[in-house]
2 protein chains.
Amino acid sequence: MDQTKQETRISTNSKGVDLSRREMLIGAGALMAGAAISQLGLVNSAMAAKVSSGAEGWPWPYEKVDPAQAGETAYHHWYKVFCSQAVTTGLFEQLRESVGEPWTNFPIESISFGAGGMLGWGLTCGAPVAGALVIGLAVPKEYSNAMIHDLLQWYSNTPMPVYVAQKPNYQGEIPKTVAESPLCHLSVGKWMKEADRGFGSDERRHRCASVTASVAYRTAELLNEWKDGTYKPGSAWNGPGTVGLPAQQNCMSCHGSDIPTAPR
Amino acid sequence: MDQTKQETRISTNSKGVDLSRREMLIGAGALMAGAAISQLGLVNSAMAAKVSSGAEGWPWPYEKVDPAQAGETAYHHWYKVFCSQAVTTGLFEQLRESVGEPWTNFPIESISFGAGGMLGWGLTCGAPVAGALVIGLAVPKEYSNAMIHDLLQWYSNTPMPVYVAQKPNYQGEIPKTVAESPLCHLSVGKWMKEADRGFGSDERRHRCASVTASVAYRTAELLNEWKDGTYKPGSAWNGPGTVGLPAQQNCMSCHGSDIPTAPR
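The structure contained in this document is the topic of the report that follows.

Parameters at a glance
- Residues numbered from 1 in each chain as written.
- Chains lettered and ligands numbered in written order.
- Predicted model: local features only at pLDDT ≥ 70, side-chain atom pairs only at ≥ 80, totals over all residues.
- Heavy atoms only, no water.
- Helix = DSSP H or I, 4+ residues; strand = E, 2+ residues; numbered from the N terminus.
- Buried < 20%, exposed > 50% of the residue type's maximum accessible area, 1.4 Å probe, protein only.
- Contact = heavy atoms within 4.5 Å.
- Buried area = accessible area lost by both parts, 1.4 Å probe.
- Salt bridge = Lys/Arg side-chain N within 4 Å of Asp/Glu carboxyl O.
- Nonpolar A, V, L, I, M, F, W, Y, C, P; charged D, E, K, R; others polar.
- Disulfide = S-S within 2.5 Å.
- Phe/Tyr/Trp six-rings, centres within 6.5 Å; stacked < 30°, edge-to-face > 60°.
- Least-squares fit on C-alpha atoms with pLDDT ≥ 70 in both.
- Core = buried A, V, L, I, M, F, W, Y, C linked by side-chain atoms within 4.5 Å.

With that out of the way, let us pick up the environment of M192(B). Structurally, the position occupied by M192(B) is in helix α7 (residues 184-195). Residue classification places M192(B) among the buried positions, given a relative accessible area of 1%. Considered as a pair, M192(B) and E203(B) are eleven residues apart in the sequence and their alpha carbons are 9.3 Å apart. Apart from the residues lying within four places of it in its own chain, the contact partners of M192(B) are G244(A), L245(A), A262(A), P263(A), R197(B), G198(B), F199(B) and R204(B).

Written out as structure tokens, the structure is:
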């Protein structure tokens, strides 16, 4: 099953995606109303069975994580290792204590490259990338893809940061902004414009540490819901089915009024 | 050491980055000429020492990988698991044979979310994300960050795809395009425009499988150079030092002529 067919099956609705607010100029006819997200899970589950990883014992055993503790750990580790490794630290720390192996065996330094949207390139924010990796390690495919979609939607559409550190490194109020995107450049850029603070400022550092903590917290919540059997996947964005190629929902953020049409 | 100070130390020159071709409207005065990339390695190395991962035996043992075999494996696995898991498969397959543990223990399905720039969102192409993860697992910090920068630069500036499959699933010529970005949306979008082929076409699928193979091949080359002691880091892009926040080099691709100025 190729990516187009697979992703065309994912439903797209307005839940969590306010298309008008995104100023997206795509006709409603292009929006695909496919089958439920659970179908994607079945497709991927069958696919996974055919392509063995060679590693036994996957997904890794998961015990519920305290979201607030994960957030606080992630917040403070941001100041040492930045967003992606801080999120893994926040989540791994408790799993190493409660579960042990294989969580104790994975070198979380290996994911540190996510910082600044891959070493300052402003690509995908390292926090949701690290959250996605932990979800990918702990959750079977029939839920993990949906949960990663949920994390990206939440990251894009939530006034950030959400998490309030118990022992913050910066005292004082900072603004919250909606990134409308999981990209570091847009996420931190929109906040810097609203806050009128530079990248090296204490406020920006506190902001990114708090966003990192928010992602660790939210990832823990999603994982715990799945562990409890109460996780309900939201609707998943379908870039290829909607605009003809992998894409975000905020076309106007880059294209202005001139949105090219993808060859079909 | 915070991200700004750390990244301001990375030198930026024209090697691999043709600024005029990128139509980048940033004054030369903003370009930082900091210390050599090796200094970043020292900073990160010292930082890593303070923040233990809790996992012993990192970096993981590495034996040289045959780039062509890694490419061919990645090409064919793309049709089953798409870009990010295909790159890890191409590289892990040989390392599991030559080294064994810990490469045999890591479930490479966990990185499959990179497909389509994270499940069709068009964010960072999953191929270099997966390549970066393998580099992060195998190479110490004093080289890994530089090597990931090299991979992103090469991905952005090379007419793609490079790799020619020995047993391709599509017979015939396809165009090569320069993405000028590691983002899936730009990489595949520019190719689709040039080729005038849809996302579901056989040509596009062959193209993304070949790009995936190219990334597996190039990652193996870089890792082998490091193993041989011949790896020489290129100059690393410094988004925060150059434009004031994490950013790509292709400002005009999204901003047109109206490039905002980041608060300093």
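Here we come to the interface of chain A and chain B. Chain A puts 81 residues into the contact, and the matching count from chain B is 81 residues. A buried area of about 6,800 Å², summed over both sides, lies between chain A and chain B, and 68% of it is on carbon and sulfur atoms. Counting across the interface, chain A meets chain B through zero salt bridges. Split by residue class, the side of chain A that touches chain B holds 40 nonpolar, 30 polar and eleven charged.

With that settled, the discussion passes to the state of the cysteines. Working definition of a disulfide: a covalent bond connecting the sulfur atoms of two cysteines. Residues and elements named next belong to chain B. This structure, assessed with the given rule, holds zero disulfides over all chains. C125 provides the cysteine sulfur closest to C83, a residue in no disulfide bond, and the two sulfurs are 4.8 Å apart. Lacking any disulfide linkage, C208 is separated from the closest cysteine sulfur, that of C184, by 6.6 Å.

A few words now on the pattern of salt bridges. All names here are of chain A. For the structure on display, the rule yields eight salt bridges over all chains. Of the charged contacts, one joins K64 and D228 as a salt bridge, the two residues approaching to 2.9 Å between their closest N and O atoms. One end of the pair, K64, is in the loop between α2 (37-50) and α3 (67-98); the other, D228, is in helix α8 (residues 202-228), and 164 residues separate them in sequence. Judged by relative accessible area, which is 46%, K64 ranks as partly exposed.

Right, let's get into the packing of aromatic side chains. One pass over the full model with this rule turns up 21 aromatic pairs over all chains. Plain terms: the ring middles of W78(A) and Y79(A) are 5.1 Å apart, the flat faces sit at 85° to each other, and that makes the pair edge-to-face. Across the pair, Y79(A) and W78(A) agree in class, each one buried. Arranged with centres 5.4 Å apart and planes meeting at 70°, the rings of W78(B) and F82(B) form a pair that is edge-to-face. Taken together, the positions of W78(B) and F82(B), both in helix α3 (residues 67-98) and four residues apart, correspond to about one turn of that helix. By relative accessible area, which is 2% here, W78(B) ends up buried. The structure contains a cluster of three or more aromatic residues connected by ring pairs, namely W60(A), F92(A), W103(A), F106(A), W60(B), F92(B), W103(B) and F106(B).

Rotating chain A by 180° and translating it 0.0 Å along the rotation axis places it on chain B, where the RMSD comes to 0.0 Å. Read as a symmetry element, the transformation amounts to a two-fold axis. Identified as the residue of chain A closest to the rotation axis by C-alpha distance is C254(A), at 2.2 Å. Here 100% of the interface residues in chain A have copies in chain B that are interface residues too; the copies meet face to matching face.

A few words now on unusual backbone geometry. All names here are of chain A. Residue P59 is reached from W58 by a cis peptide bond, and omega for that bond is -5°. Looking at where P59 falls in the secondary structure, it is placed in the loop between α2 and α3. Of note, the bond from E101 into P102 is cis; its omega dihedral lies within 30 degrees of zero at 0°. We note that F82 has phi near 70°; this positive angle belongs to a residue other than glycine. Its relative accessible area of 4% is what places F82 among the buried residues.

Right, let's talk about the nonpolar core for a bit. Taken as a class, soluble globular proteins show a tendency for nonpolar side chains to be buried jointly. Ranked by internal contacts, the top residues of the largest apolar core, which has 145 residues, are F106(A), F113(A) and F106(B). Not counting the four nearest positions on each side in its chain, F106(B) is found in contact with A55(A), W60(A), F106(A), L133(A), L137(A), W60(B), F92(B), R96(B) and L133(B).

What follows covers the environment of G136(A). Along the polypeptide, G136(A) turns up in helix α5 (residues 126-138). The spacing of G136(A) and M192(A) is 56 residues in sequence and 31 Å in space, taken between C-alpha atoms. Residues contacting G136(A), with those up to four places away along its chain left out, are W58(A) and S110(B).

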